[in-house]
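Residue-level listing of the chains:
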Amino acid sequence: MQPRAPRRRVPVAAVLAVLIGAGSAAVLAWTNPNRDDFQEHAGEQLVTLTTEELCEKQSLPMVLRLWIRDCPALVASQRETLAQLAGRLTTRWDLVIASVYVTRLGRQELLPGLRLPGAEVITVGVAGRFVLVSSETFAGGRE
């Protein structure tokens, strides 16, 4: 009769680490924001950026500033349109536990002689939140 080889036991700490890691990955995958969540977030961010650029920095021509009584309210009323624009101009890389969104605004012409600022924004969506990684803007205003 041969002696039995001793049984190898898996350390409890290793099993717990694997279970916690797998559980965390599953939770992150489940809470990974989708494209619609990003579009809503981007709409809010674009309202803020556009308000700052057009209303607060006085980028609008004088004639338009006289005609538009409440510039911030006018921009805010376009949140849904800006969100849809961001959705069309965004590329998404789904990494299962997170998503990377790259939005490129290409200095679209708002009115004759007035262009929106160009921008490239990289955002990571993870755990139901969005984290701005980088943002670069290019001159807008009048040509």
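Residues numbered from 1 in each chain as written. Predicted model: local features only at pLDDT ≥ 70, side-chain atom pairs only at ≥ 80, totals over all residues. Heavy atoms only, no water.

### Quick look at the state of the cysteines
- Counted by the stated rule, this structure contains one disulfide.
- Put simply, Cys55 and Cys71 are joined by a disulfide, and their sulfur atoms are 1.8 Å apart. The sign of the S-S torsion, about -70°, decides the handedness of the disulfide formed by Cys55 and Cys71: left-handed. Of this pair, Cys55 sits in helix H2 (residues 35-56) while Cys71 sits in helix H4 (residues 71-76), and the two are 16 residues apart along the sequence.
- By relative accessible area, which is 12% here, Cys55 ends up buried. (Disulfide = S-S within 2.5 Å. Helix = DSSP H or I, 4+ residues; strand = E, 2+ residues; numbered from the N terminus. Buried < 20%, exposed > 50% of the residue type's maximum accessible area, 1.4 Å probe, protein only.)

### Some remarks on the pairing of strand E1 (residues 90-94)
- By the bridge criterion, five bridges tie E1 to strand E2 (residues 99-105) in an arrangement that is antiparallel. Residue pairing across strands places Arg92 opposite Tyr101, the latter belonging to E2.
- What sits between the antiparallel neighbours E1 and E2 is a turn of four residues, in which Val96 has the positive phi angle 70°. (Pairing = 2+ DSSP bridges.)

### Concerning the side chain of Asn32
- Looking at the secondary structure, you find Asn32 in the loop between helix H1 (12-30) and H2.
- A polar contact of 3.5 Å, which involves the side chain of Asn32, links it to the backbone oxygen of Ala98. (Polar contact = N/O pair within 3.5 Å; in protein donor to acceptor, adjacent residues only side chain to side chain.)

### Comments concerning the side chain of Ser99
- Structurally, the position occupied by Ser99 is in strand E2.
- Take Ser99: its relative accessible area is 0%, and that puts it in the buried class.
- A polar atom in the side chain of Ser99 sits 3.1 Å from the side chain of Asn32.
- Apart from residues lying up to four places away in sequence, Ser99 is in contact with Asn32, Pro33, Arg92, Trp93, Asp94, Thr123, Val124 and Gly125. (Contact = heavy atoms within 4.5 Å.)

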